[in-house]
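For reference, the chains in residue letters:
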Amino acid sequence: MDWYRKLHWQTLAAMVAGALTGLLIGESAANAVGWIGDLFMKLLRMIIVPLVLTSIISGVASVGGGKALGRLFSKTIGYYVLSSLLAVVIGLLMVNLIQPGVGANMTAAVPGELPELDTATSPVQLLLDIVPANVVQAAASADMLALIFFCIVFGAAVTTLPDRTRDIVTNLFDALFSAMMRLTSGIIKFLPIGVYALITKMVATTGFEAFKALGLYAITIGSGLTLHLLVVLPILLLVLGRIAPRIHFANMREPLLIAFSTSSSGATLPVTLATVEKKVGVSNKVASFVLPMGATVNMDGTAIFECVGALFIAQVLGFELTLLQQGVVVVTALLASIGAAAVPSAGLVVIFIVLEAIGLRGPQVNLIVGSMLAIDRPLDMYRTVVNVYSDSCGAAIIARSEGEKDVDTVIR
Ligand code: ASP
């Protein structure tokens, strides 16, 4: 196939065209095409709940419950914790090395309004939130963690049914899942158009002047994310999965472009699932278990951001953090990244969990967080890429450890 017919090249071209339109025409272009971006986001969001539901239930039912399910669960959680912890440590290193907050002039930055997000504020609340009081309500409000919990226990219950009934339920969910994947493939065809509109709007509406005051902060986060994306995760792929990072990265181009354009791991999830199964070559059993949960709780990019952001604020305010306090930042940054919803700007909202833990509060802190919001969108786009990539690396590594041979053998 000619290179220009390939979807990822078309999408990249759309991205460049969108950036140029946003830069040259500005606000009026954003108004003209903004609705197309919104429509594309809605199409992606439309399929999340039914896709997660059918994929997890059919996946768990095929794992077979009991010991096998427990093993997959432990591997998945083990990978999430390992990769997110490494991410926080990268953030800690970068922020101590570059020290972006020391001497930063925050008066030049214009603070914005933080969006209201319903986020758990304590670890116990996070745990309680996992169990839905009402499954329909959890689905209706796209409360992913609660929905995933229900699907896993439902899938496990299905495995204990007598053969005949079990086959009926499993076949039904398998078929529904295939239908959802078809739908996803259909929506992906509109990727270049959706991306063009999203990028036009982002470029036209982001106030890039704030970058002057917060430039070093943005560089610290950017270099932390790059280090994690191009060094740490490839090492994990090589060491834990014996997978060539180049092949995996090439196979994941489309979801990464969508993550970048939408700033939402949740909206990207349908495409991540489709790609990890069709291109990376991971079984539905593993992909449907690792990816929906990963999109919700495994956010390496966000973990880097929480750590750098909180320590940046401490530096601006002239606080010297003790080793113990830095330890508290590491643990709470990890928790905040787990608690952050898979939607745009969620990472910035949950930074208060970290700040609260080290006693940073008050109007000055709010002002700095507000200023960080002014340039958050591009940083959010990049950290969402890292969030999604870590999930797909996890799926590939776990699939390999389960004896799957076809994972990332060729670039598809
Ligand atoms: N936007 C990110 C995501 O959906 C979360 C964040 O704001 O860090 O993955």
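None of these values were measured; they are calculated from a predicted model. (Residues numbered from 1 in each chain as written. Predicted model: local features only at pLDDT ≥ 70, side-chain atom pairs only at ≥ 80, totals over all residues. Heavy atoms only, no water.)

(A) Structural view of the overall build of the protein chain. Along its length, the protein chain carries 19 helices and 0 strands. Taken over the C-alpha trace, the protein chain has a radius of gyration of 21 Å; the compact-globule value for 412 residues is 22 Å, and the two agree within 12%. Going through the 412 residues of the protein chain one by one, you find that 54% of them count as buried. Carbon and sulfur atoms form 67% of the exposed surface of the protein chain, whose accessible area is close to 17,800 Å². (Helix = DSSP H or I, 4+ residues; strand = E, 2+ residues; numbered from the N terminus. Rg over C-alpha atoms; globule rule 2.2 N^0.38 Å. Buried < 20%, exposed > 50% of the residue type's maximum accessible area, 1.4 Å probe, protein only. Areas by Shrake-Rupley, 256 points an atom, 1.4 Å probe, with all protein chains shown as cover.)

(B) Inspection of the layout of surface pockets at higher detail. Size it by volume and the second largest pocket reaches roughly 480 Å³. Those elements that provide at least two residues to the lining of the second largest pocket are helix H3 (66–98), helix H4 (123–130), helix H6 (144–159), helix H13 (284–297) and helix H15 (323–339). In the lining of the second largest pocket, the residues fall into 18 nonpolar, 2 polar and no charged. (1 Å grid on protein atoms, 1.4 Å probe; cavity = no way out; pocket = protein on both sides within 12 Å on 5 of 7 lines; lining within 4 Å. Points joined across faces, edges and corners; volume = space filled by probe spheres on them. Nonpolar A, V, L, I, M, F, W, Y, C, P; charged D, E, K, R; others polar.)

(C) Expanded view of the pattern of salt bridges. One pass over the structure, following the stated rule, counts 10 salt bridges. Residues Glu-402 and Lys-75 are paired through a salt bridge, measuring 2.6 Å at the closest nitrogen-oxygen approach. Of this pair, Glu-402 sits in the segment after helix H19 (376–401) while Lys-75 is found in helix H3, placing the two residues 327 residues apart along the sequence. Residue Lys-75 is classed as partly exposed on the basis of its relative accessible area, which comes to 25%. Close ionic contact of Arg-383 with Asp-380 constitutes a salt bridge, the shortest N to O distance being 3.5 Å. Here Asp-380 and Arg-383 lie together in helix H19, a separation of 3 residues that amounts to about one turn. Residue Arg-383 shares its accessibility class with Asp-380, and that shared class is buried. (Salt bridge = Lys/Arg side-chain N within 4 Å of Asp/Glu carboxyl O.)

(D) Geometry of helix H14 (residues 300–316). Relative to the 24 Å expected for 17 residues at 1.5 Å per residue, H14 spans 24 Å between its end C-alpha atoms, a close match to the ideal helical length. Within H14, 16 of the 17 residues are buried, which leaves it mostly tucked inside the rest of the structure. One or two residues past the end of H14 sits Gly-318, with phi positive at roughly 80°. (Expected span 1.5 Å × (residues − 1).)

(E) Molecular detail of empty space enclosed by the protein. Evaluation of the coordinates by the stated rule reveals 2 cavities of 30 Å³ or more. The volume enclosed by the largest cavity comes to roughly 70 Å³. What lines the largest cavity is a set of 16 residues, and nearest its centre among them are Thr-302, Ala-341, Val-343, Asp-380 and Asn-387. Looking at the lining of the largest cavity, the elements that each hand over two or more residues are helix H16 (346–349) and H19. Tallying contributions element by element places H19 first for the lining of the largest cavity, with 4 residues. Tallied by class, the residues present in the lining of the largest cavity amount to 6 nonpolar, 8 polar and 2 charged. Taken as a whole, the second largest cavity spans an internal volume of roughly 30 Å³. Every residue along the wall of the second largest cavity is listed here: Ser-265, Leu-269, Thr-272, Leu-291, Ala-295, Val-388 and Asp-391. Counting only elements with at least two residues in the lining of the second largest cavity, the list comes to helix H12 (265–280), H13 and H19. Sort the elements by how many residues they give to the lining of the second largest cavity and H12 lands first, with 3 residues. For the lining of the second largest cavity, the residue count by class is 4 nonpolar, 2 polar and 1 charged.

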